[in-house]
Amino acid sequence: MREDRMPTAPDGYSDWLADLKQRIHGAQQRATLAVNRELVLLYWQIGREILVRQADQGWGSKVVDRLAHDLRNAFPDMKGFSPRNLKYMRAFAEAWPDGEFVQAALAQLPWYHQLALLDKLQTTEDRQWYAAQAVENGWSRNVLVMQIESGLRQRTGAAVSNFSKRLPQPQSDLARESLKDPYRLDFLGLGKEAQERAIEDALVKHVTQFLMELGAGFAFVGRQVHVEVGNKDFYIDLLFYHLKLRCYVVVELKAGEFQPEYAGKLNFYLSAVDSQLKHTSDNPSLGLLLCKSRDKVVAEYALRDMSKPIGVAEYHLVQALPRELETDLPRIEDIERELEDAGDEPAEGTV
């Protein structure tokens, strides 16, 4: 037998190899997370000690420049001790005075995520909310920034709905939090006057981005989904399944202002889906009417006596939400540029 030929794999070898690969990959991920955690905690401790010494001993701001110089001399192979990054460490410790919270929850996020939370948000409540969402959904730093700039927290749970009357607790709260208002569809590249079919076509083409905008748990089932009632054919614009709510979600698109009759038609579609598609183990299907505009009071009246759980929300085809005000901290881009120049730009998910 030639030396460069691999011997035939015995029975069960492929499964064993696949298991080994998965375990090795998992170990690599855990090691990366452990490194991130230790660095984030180290940075918090350094920032905390800068704060304490400046407050208790009257050290001025110049101590940061001196500290950066001395640390880089002491650890020439270790990056991250620039004056800019040390200022972020100080701001990080000032923003999160509770060391137990940093260790238990916040240290799960890489340092670049921490910079985004500090740079883009002004309040502890907002930072805590977005940090929790980033951990739960495994957001990259870029996705975290996008969600912050789109005003995700303000939009979450803001749709008009009748969920509290049509769904039991806690499903009604979970369903309400699964919807937004407005939905940002500017990634479609369409103008304000786009028609329903054009929007629907673009949403299917960019379904990955649409799923991200819908939020965690949504799975795409199909478009123009056929249901037959009596001897007539009907077609649902977009059909999803929500993995956390364990139910179908029927989405109807309207290129104009919300009209009360839209709710009646969606109520009909939900009855058909519950009768023909819903499994016995599924929860009642939800409806979402996406309209170019809607009068909140009219929508509330229209949903008041509907038998099925329905939400009504607006969509925006162009940027319509203001960006958060930036802080007076050094820009994240400056920190990244320093690391790039040093040849030490971290990979996504690491610091």
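Computed from a predicted model, the values in this text were never measured in an experiment.

Chemist: Teacher, can you tell me more about the overall build of the protein here?
Modeler: For the protein, the count of helices and strands is 15 helices and 7 strands. Residue burial in the protein is summarised as follows: out of 351 residues, 43% are buried. Within the protein, residue pairs in contact and separated by at least 24 positions form 66% of the contacts whose partners lie at least 6 positions apart.

Chemist: Is there a simple way to explain the pairing of strand 3 (residues 218–229) in this structure?
Modeler: Consecutive side chains along a regular strand alternate between the two faces of the sheet. Pairing between strand 3 and strand 4 (residues 232–242): 10 bridges, direction antiparallel. Pairing of Phe220 across the sheet is with Phe240, part of strand 4. With antiparallel pairing between neighbouring strands as the criterion, strand 3 and strand 4 make up a hairpin whose turn holds 2 residues, including Gly230 at a positive phi of roughly 65°.

Chemist: What should I look at first to understand the packing of helix 1 (residues 13–57) against helix 3 (residues 83–95) in this one?
Modeler: Axis angle and axis distance: for two packed helices, these are the angle between their axes and the distance between the axes, and together they describe the pair. Between helix 1 and helix 3, the shortest axis-to-axis distance is 7 Å and the interhelical angle comes to 85°. The angle between helix 1 and helix 3 falls in the class roughly perpendicular. Side by side, helix 1 and helix 3 meet where Val40, Tyr43, Trp44, Ile46, Gly47, Arg48, Ile50, Leu51 and Gln54 of the first sit next to Asn85, Leu86, Met89, Arg90, Phe92, Ala93 and Glu94 of the second. In the contact of helix 1 with helix 3, the residues fall into 10 nonpolar, 3 polar and 3 charged.

Chemist: I keep staring at helix 6 (residues 124–137) and nothing clicks. Help me out?
Modeler: In an α-helix, one turn spans 3.6 residues, which is why side chains three or four residues apart end up on the same side. The first and last C-alpha atoms of helix 6 sit 20 Å apart over 14 residues, in line with the 20 Å expected at 1.5 Å per residue. Within the span of helix 6, buried status applies to Asp126, Arg127, Tyr130, Ala131 and Ala134. In a view along the axis of helix 6, the buried residues occupy a sector of 125°, so they form one face of it. For helix 6, the secondary structure elements touched by its buried residues are helix 3, helix 5 (111–120), helix 7 (141–149) and helix 8 (152–155). Among the residues trailing helix 6, Gly138 stands out with phi positive, at a value near 65°.

What counts and what doesn't
- Residues numbered from 1 in each chain as written.
- Predicted model: local features only at pLDDT ≥ 70, side-chain atom pairs only at ≥ 80, totals over all residues.
- Heavy atoms only, no water.
- Helix = DSSP H or I, 4+ residues; strand = E, 2+ residues; numbered from the N terminus.
- Buried < 20%, exposed > 50% of the residue type's maximum accessible area, 1.4 Å probe, protein only.
- Contact = heavy atoms within 4.5 Å.
- Pairing = 2+ DSSP bridges.
- Axes fitted to C-alpha atoms, helices over the stretch in contact; angles between N-to-C directions.
- Parallel < 35°, antiparallel > 145°, perpendicular 65-115°, else oblique.
- Nonpolar A, V, L, I, M, F, W, Y, C, P; charged D, E, K, R; others polar.
- Expected span 1.5 Å × (residues − 1).
- Arc of directions from axis to C-beta.

By themselves these figures say nothing about function.
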